[in-house]
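Commentary on secondary and tertiary structure
What follows is the residue order along each chain.
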Amino acid sequence: MSNNHFTTSILHSDRRLGTEDGAVHKPIHPSAQYAFNKAEDLVAVFQGRPGFSYARQGTPTTGALEAKITQMEEGVNSVVFATGMAALAAVFMTLLKQGDHIISSQYIFGNTNSLLGTLQNLGVEVTLVDATDLEQVKAARRPETRMVFVESLANPGTHVCDLQGIGDWCAAERLLYVLDNTLASPWLCTGKAVKAGLVVNSLSKHIGGHANALGGAVTDTGLFDWSTYPNISDVYRTGNPAGWGLTQIKKKGLRDMGATLSSDAAHRIAAGAETLALRMGKACDNALALARALSAHPRVARVIYPGLEQHPQHERAKQLFGGRYGALVAVELDDAVDLFAFLNRLKVLVLATHVGDNRSLVLPVAHTIYYEMGPQLRAQMGISDNQLRISVGIEDTNDLIQDFEQALAG
Ligand SMILES: *Cc1c(COP(=O)(O)O)cnc(C)c1O
């Protein structure tokens, strides 16, 4: 689990880095452009000095959020984007070229899987592997391999890949290891702890937590040696190599592609982030209690949750996440249960997509996020028609368990 100063550092970050008039929040800056009194200063910002010029590349408000994400991930620097998908697209599109090869976990977010398909159309080779098994990752290695991509906790299957083993191997091979840490969140596990070079977080999920803003972030952990990475443009190969990767992601991914986070959304996410540790702790405790209660229920066929001893990666999850197991629970109801009637009887759990909200959300996966795949692929992936994904929130524990019990009894 995270360092001891996790919440303190976020709570006091704005004040310590400097705000006006004693404000404890960084103000919401609406300015589209930033003016200079002297030509020398204007030119200096364009030539790389930290500062603001045009809000497509960030504002003081988004900068304050970047500092907080960097602290959470114990990294060296971050760039924020309009959404998590924009952050992922920026990483893939700015660091990979035609002919390059990427090894990706097969247990990834569906939209990320679709984005990798777009990359393939652009000439990047993609190999999907079962990344719970390090040997499969190693076996996919080619001379053109530039990147290994893994998620810290899979949705909806809750697979926990060999994050540490992959990190050690990538470090030895000098391969760029990119971790999407959205579902574990930096409170359960930082990217740096498993030796990732870059960490992506969707800020729309646990970090923001209130389902009232979208955002994404890319953090450089400082562990990857960018002087060895062949795809950094000559213009960004100046100064300390430690900053090259994120500079290219920011210039090409944010400035050129333009998926910019607004100051308003940055403020909401930053306010939500103050309570990440408290919310995540409660959500993980609720998820474990619900998973245990449902495992014992006669109308439930199967519960998939890393906190249960029978989960294939239970021991690994315990080590990586320090005894908490995330807020995602997959449940397969007994065939005898009428799925839609059951869902319609729920009173507390919300029928909605999204994960990492304060509210508990439930979704029938075969009919929604896996609908496009068709029945054959679903069967191959072990997704039954009666499978639910539950994103557990911070409600009072018994209210969640009782809601399930009354809906199953009906
Ligand atoms: C939701 C999610 C994303 C995308 O984030 P958005 O902010 O919704 O664009 C990426 N990765 C994972 C693991 C997610 O759960």
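Summarised in this report is the structure supplied together with it. (Residues numbered from 1 in each chain as written. Predicted model: local features only at pLDDT ≥ 70, side-chain atom pairs only at ≥ 80, totals over all residues. Heavy atoms only, no water.)

In this section: the site of the ligand. Close to the ligand lie Thr-83, Gly-84, Met-85, Leu-88, Phe-109, Glu-151, Asp-180, Thr-182, Ser-202, Ser-204, Lys-205 and Gly-215, which account for all nearby residues. Between the ligand and Ser-204, the relevant distance is 2.6 Å, taken from an oxygen atom to a side-chain nitrogen or oxygen of the residue. Alone, the ligand offers 380 Å² of accessible surface; in the complex the protein occludes 91% of this. Looking at the shell around the ligand, the elements with two or more residues in it are α5 (84-95) and α10 (203-207). Here the residues of the shell around the ligand are counted per class, giving three nonpolar, six polar and three charged. (Near = heavy atom within 4 Å. Polar contact = N/O pair within 3.5 Å; in protein donor to acceptor, adjacent residues only side chain to side chain. Areas by Shrake-Rupley, 256 points an atom, 1.4 Å probe, with all protein chains shown as cover. Helix = DSSP H or I, 4+ residues; strand = E, 2+ residues; numbered from the N terminus. Nonpolar A, V, L, I, M, F, W, Y, C, P; charged D, E, K, R; others polar.)

Our focus in this paragraph is the sheet that holds strand β6 (residues 198-202). If you trace the seven strands from one edge of the open sheet to the other, you get β1-β7-β6-β5-β4-β2-β3, paired in mixed fashion. Pairing within the sheet leaves two strands with one partner each, and these edge strands are β1 (77-81) and β3 (125-129). Here the average twist between neighbouring strands, direction ignored, is 20°. Bridge count between β6 and strand β7 (residues 216-220): five bridges; the pairing is antiparallel. Opposite Val-200, over in β7, you have Val-218 as the bridge partner. Against the sheet, α5 contacts β1, β2 (101-105), β4 (145-151), β5 (176-180), β6 and β7, and its axis sits at roughly 150° relative to β6. Docked against the sheet, helix α11 (residues 244-255) engages β1, β6 and β7, running at close to 15° with respect to β1. (Pairing = 2+ DSSP bridges. Axes fitted to C-alpha atoms, helices over the stretch in contact; angles between N-to-C directions. Contact = heavy atoms within 4.5 Å.)

Turning our eyes to something else, we now look at the layout of surface pockets. Put simply, the second largest pocket is a space of about 1100 Å³. In this structure, the second largest pocket is lined by 37 residues; those nearest its centre are Gly-48, Pro-50, Thr-247, Lys-250 and Lys-251. Of all elements in the fold, only α3 (39-46), α4 (60-73), β1 and α11 reach the threshold of two or more residues within the lining of the second largest pocket. Top contributing element to the lining of the second largest pocket by residue count: α11, with six residues. Residue composition of the lining of the second largest pocket, by class: 13 nonpolar, 17 polar and seven charged. (1 Å grid on protein atoms, 1.4 Å probe; cavity = no way out; pocket = protein on both sides within 12 Å on 5 of 7 lines; lining within 4 Å. Points joined across faces, edges and corners; volume = space filled by probe spheres on them.)

Moving on to unusual backbone geometry. Between Asn-155 and the following residue, Pro-156, the backbone shows a cis peptide bond with an omega angle of 5°. Topologically, Pro-156 is positioned in the loop between β4 and α8 (163-173). A positive phi angle is found at Arg-174, which is not glycine, with a value near 55°. Inspection of the secondary structure puts Arg-174 in the loop between α8 and β5. In this model, His-354 sits at a positive phi of 90°, which is unusual for a non-glycine residue. Relative to the elements of secondary structure, His-354 occurs in the loop between β10 (350-351) and β11 (361-364).

Along the chain, the position of Asn-181 falls in the loop between β5 and α9 (185-188). Classification of Asn-181 as buried rests on a relative accessible area of 0%. (Buried < 20%, exposed > 50% of the residue type's maximum accessible area, 1.4 Å probe, protein only.)

Before going further, it helps to spend a moment on empty space enclosed by the protein. Evaluation of the coordinates by the stated rule reveals four cavities of 30 Å³ or more. Considered as a void within the structure, the largest cavity measures approximately 60 Å³ in volume. In terms of lining, the largest cavity is formed by Asp-14, His-25, Lys-26, Thr-61, Ala-64, Leu-65, Lys-68, Ala-266, His-267, Ala-270 and Ala-271. Mapped onto the lining of the largest cavity, the elements with two or more residues apiece are α4 and α12 (263-273). When grouped by side-chain class, the residues that make up the lining of the largest cavity number five nonpolar, three polar and three charged. What the second largest cavity holds in volume is close to 50 Å³. Every residue lining the second largest cavity is listed: His-206, Gly-209, Arg-279, Met-280, Ala-283, Gly-356, Asp-357, Asn-358, Val-392 and Ile-394.

Moving on to the side chain of Glu-151. Note on placement: Glu-151 falls in strand β4. Look at Glu-151: it is buried, it has no salt bridge, and the nearest opposite charge is Lys-205 at 8.6 Å. Setting aside residues up to four positions removed in sequence, Glu-151 forms contacts with Tyr-107, Ile-108, Phe-109, Thr-112, Cys-161, Leu-163, Leu-179 and Asp-180. (Lys, Arg positive; Asp, Glu negative; His and termini not counted. Salt bridge = Lys/Arg side-chain N within 4 Å of Asp/Glu carboxyl O.)

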